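Architecture and fold: a report
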Amino acid sequence: MTAVGIDAMEIWTGKLKLDLAETFAAEKGEDPEKYTKGLGLFASSFPDAHEDIVTMGANAAHRLMERKGLTPADIGRIDVATESAFDNSKPVSTYIAGCLEQVYEEDFHHANKGERKFACIAGTQSLDDAYNWIRAGRNRGRSALVVATDTALYARGDPGEATQGAGAVAMLVTEDPDLVELSTEQGYGSADETDFLKPNQQFPSVDGKRSMQVYLARMREALEDFESVAGDTHPDDFAFIPYHTPFPGMVRKAGLLGYRHMIRGTEVEDELADEIGRQPREEEFDDRESYEEAIRGYMDDLKSTDQYREWYAEVVEPTLSISREVGNWYTGSVHIARAAALQYAAEEDRDVTGDRLLVGSYGSGAQAEIHAETIQEGWREEVDALNVDEQIRNRYDISFEEYEQVHDRHNHDKSVELAAFTEPDGEFVFAGRGAMDERTYDYVE
Ligand code: HMG
């Protein structure tokens with residue numbers, strides 16, 4: 001069967017930076033380590049006044065098309081994943097196609113366009129749609145453009161405020177991809193949950209602590225479901241495990257849970273038994289409560305073992321380097337985790353061709369999905385072409401007062417004019433509203 005997967009990707013970060021330790025914590029009178037150590041975040045990205053989900057998505061897609069030498073005729077589908085849409089009918093993909101048509105002679109009239117919604121997991125679901133379209137043989141030799149773009153804003157004062165972020169990831173899905181091949185095997189954990197939702201409102205209603213429990217529960221179900229088709233997983237099977245990363249502290253918890261599951265009944269559990277005992281088995285306990293207490297104790301001990309710490313440092317920690325600097329990008333979050341891991345492999349000069357990733361996506365409401373990816377021969381060239389570190393370094397560092405203005409500027413219920421902090425340079429910008437209140441965009445050379 002021909003390989004199908006991600007051929008190339010580009011990342012576009014919102015051009016403003018809010019420093020969580022220096023600016024946010026200082027203003028809130030909180031210990032900066034709550035953010036840098038507890039949540040594991042250093043900064044958030046925000047869109048400048050002329051940026052939004054369309055400009056960020058179109059700018060990432062434009063870079064991708066230019067770098068791969070593509071024109072609209074090469075693209076048969078544009079799938080946009082977002083939970084920050086501003087229109088209940090017209091999809092963001094039509095706006096992005098409209099932007100791109102300003103800079104290419106051809107149009108995208110032949111391309112199927114849509115918008116996917118299921119909180120953060122919609123980015124991975126859009127990849128699935130593209131994968132299935134190619135596998136079904138409906139692509140007529142064309143590739144799919146998948147764009148995950150979000151402005152993840154919370155209401156001012158919400159505990160989620162520190163985890164905000166904004167940015168876009170554009171991915172090209174093709175046959176014989178250069179970056180990663182996607183597995184046909186997938187696992188799901190899906191349930192009707194009300195942990196995080198936006199019932200016709202821009203900022204989420206969030207039950208923060210419960211959302212973390214729901215994330216872990218659905219992720220565990222998805223792993224078990226994945227194993228039911230792909231066979232048992234083992235910690236040594238995967239070079240990296242990129243997870244959906246609302247903040248790195250969440251992934252710390254998911255990593256520990258995943259490791260405990262993977263070592264159960266293996267030689268690793270046996271090796272650790274002298275030091276921390278064997279994993280509690282439910283049948284050994286009279287009730288669920290005592291079993292859960294024993295599991296918590298085992299996890300605390302497991303967390304401190306050399307085996308776990310080395311595995312986590314090698315397989316999970318490298319996925320977090322971009323996220324730490326930009327915050328939660330919702331639909332793009334797991335995709336920047338994959339990019340961060342591959343960047344780390346390149347920095348370490350490791351040859352990871354043929355190695356596998358286990359990718360754990362999640363969206364509130366709630367669903368987790370797990371699949372595997374095989375790193376392809378062209379990965380190094382693709383990763384070397386990314387300029388995300390430079391973009392992160394070049395962001396304009398906003399003061400707290402400027403942050404308040406920027407938050408208001410992007411609040412759909414307020415119409416606040418704000419001069420941009422950065423100079424557009426070869427990019428799409430928001431240009432105002434048209435006669436039907438539609439958003440309009442220009443390309444600035
Ligand atoms: P909070 O209640 O302000 O923070 O909000 P906290 O008091 O729980 O502290 C956070 C961590 O920092 C804790 O670590 C503290 O111990 C530690 P933990 O115990 O959990 O390991 N801490 C410190 N560490 C060092 N020095 C200190 C210090 N102080 C505290 N001085 C919360 C946290 C996550 C609830 C909040 O940020 C929130 O509501 N976030 C939004 C919801 C969210 O991100 N949930 C994640 C799972 S759901 C998900 O991922 C889906 C999502 O992306 C949406 C979608 O799918 O569309 C959100």
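Check the entry above for the structure.
Predicted model only: the values in this text are computed from it and were never measured.

Another point: the overall build of the protein. Each helix and strand in the protein was counted, giving 15 helices and 15 strands. Relative to the 2.2 N^0.38 estimate, which gives 22 Å for 445 residues, the radius of gyration of the protein is 22 Å and therefore close to what a compact globule would have. In terms of principal-axis extent, the alpha carbons of the protein reach across some 70 × 55 × 40 Å. Looking at the protein residue by residue over its 445 residues, the buried ones come to 58%. Taking contacts inside the protein between residues at least 6 apart in sequence as the whole, the part at least 24 apart equals 78%.

Let us look at a negative patch on the surface. Taken together, the side chains of Asp274, Glu275, Asp301, Asp306 and Glu310 define an acidic patch exposed on the protein surface. Only α8 (267-276) and α10 (306-315) provide two or more residues apiece to the negative patch. Following the sequence through the fold, Asp274 ends up in helix α8. On the basis of relative accessible area, Asp274 is assigned to the exposed category, the value being 80%.

By the element assignment, Gln376 lies in the loop between β12 (367-375) and α13 (379-384). If we ignore the near neighbours within four places in the chain, the residues touching Gln376 are Pro177, Asp178, Leu179, Val180, Glu181 and Thr353.

We now examine the pairing of strand β11 (residues 356-363). With respect to burial, β11 is a largely interior element, seven of its eight residues being buried. Here β11 runs beside β12; their pairing, made up of eight bridges, is antiparallel. Paired with Leu358 across the two strands is Ala372, which belongs to β12. Between β11 and β12, which pair antiparallel and follow one another directly, the connecting turn spans three residues, one of which, Gly365, has a positive phi of 115°.

Further remarks concern unusual backbone geometry. What is expected of a backbone is that most residues other than glycine have negative phi and most peptide bonds are trans. Here the residue pair Gly365 and Ala366 is connected by a cis peptide bond, since its omega of 5° sits within 30 degrees of zero. Relative to the elements of secondary structure, Ala366 occurs in the loop between β11 and β12. Its identity is not glycine, yet Asn200 carries a phi of approximately 50°, on the positive side. Its location among the elements puts Asn200 in the loop between β9 (196-197) and β10 (205-206). On the basis of relative accessible area, Asn200 is assigned to the exposed category, the value being 78%. Residues other than glycine seldom take positive phi values, yet Asp349 does so here, at roughly 55°. Along the chain, Asp349 turns up in the loop between α12 (333-347) and β11.

Moving on, we get to the site of the ligand. As a structural note, the neighbourhood of the ligand is formed by 29 residues, with Lys34, Glu83, Cys120, Lys209 and Lys253 the closest of them. Between Lys253 and the ligand, the recorded distance is 2.8 Å, taken from a side-chain N or O atom to an oxygen atom. One of the backbone nitrogen or oxygen atoms of Ser364 is found 2.8 Å away from an oxygen atom of the ligand. Protein contacts shield 75% of the accessible area of the ligand, which totals 1,100 Å² for the unbound molecule.

One broad rule of soluble globular proteins: the nonpolar side chains tend to lie buried together. Counting residues in hydrophobic clusters, the biggest one holds 58 residues, and the most contacted among them are Phe46, Tyr215, Ile241, Tyr243, Leu302 and Trp311. Excluding residues that lie within four positions of it along the chain, Ile241 makes contacts with Met262, Trp311, Val315, Val316, Thr319 and Leu358. Judged by nonpolar contacts, the second largest core, of 39 residues, contains Val4, Met9, Trp329 and Ala339.

Okay, the packing of aromatic side chains next. Tallied over the entire structure, the rule returns 20 aromatic pairs. Plain terms: the ring middles of Phe240 and Tyr344 are 6.1 Å apart, the flat faces sit at 85° to each other, and that makes the pair edge-to-face. With Phe240 in the loop between α6 (208-230) and α7 (248-263) and Tyr344 in helix α12, the pair connects residues that are 104 residues apart, well separated along the chain. Taken together through their ring pairs, the aromatic side chains of Phe24, Tyr35, Phe46, Phe400 and Tyr403 make up a single cluster. For the cation-ring pair, Lys90 lies above Tyr95, with the distance from its terminal atom to the ring centre recorded as 4.5 Å. The residue whose ring lies beneath Arg439 is Phe86, and the NZ or CZ to ring-centre distance is 4.1 Å.

The rules we used
Residues numbered from 1 in each chain as written. Predicted model: local features only at pLDDT ≥ 70, side-chain atom pairs only at ≥ 80, totals over all residues. Heavy atoms only, no water. Helix = DSSP H or I, 4+ residues; strand = E, 2+ residues; numbered from the N terminus. Rg over C-alpha atoms; globule rule 2.2 N^0.38 Å. Buried < 20%, exposed > 50% of the residue type's maximum accessible area, 1.4 Å probe, protein only. Contact = heavy atoms within 4.5 Å. Patch = residues over 30% accessible without salt bridge, like charges linked within 9 Å, V, L, I, M, F, W, Y side chains within 5 Å. Areas by Shrake-Rupley, 256 points an atom, 1.4 Å probe, with all protein chains shown as cover. Salt bridge = Lys/Arg side-chain N within 4 Å of Asp/Glu carboxyl O. Lys, Arg positive; Asp, Glu negative; His and termini not counted. Charge placed at Lys NZ, Arg CZ, Asp CG, Glu CD. Pairing = 2+ DSSP bridges. Near = heavy atom within 4 Å. Polar contact = N/O pair within 3.5 Å; in protein donor to acceptor, adjacent residues only side chain to side chain. Core = buried A, V, L, I, M, F, W, Y, C linked by side-chain atoms within 4.5 Å. Phe/Tyr/Trp six-rings, centres within 6.5 Å; stacked < 30°, edge-to-face > 60°. Lys NZ or Arg CZ within 6 Å of the ring centre and 35° of its normal.

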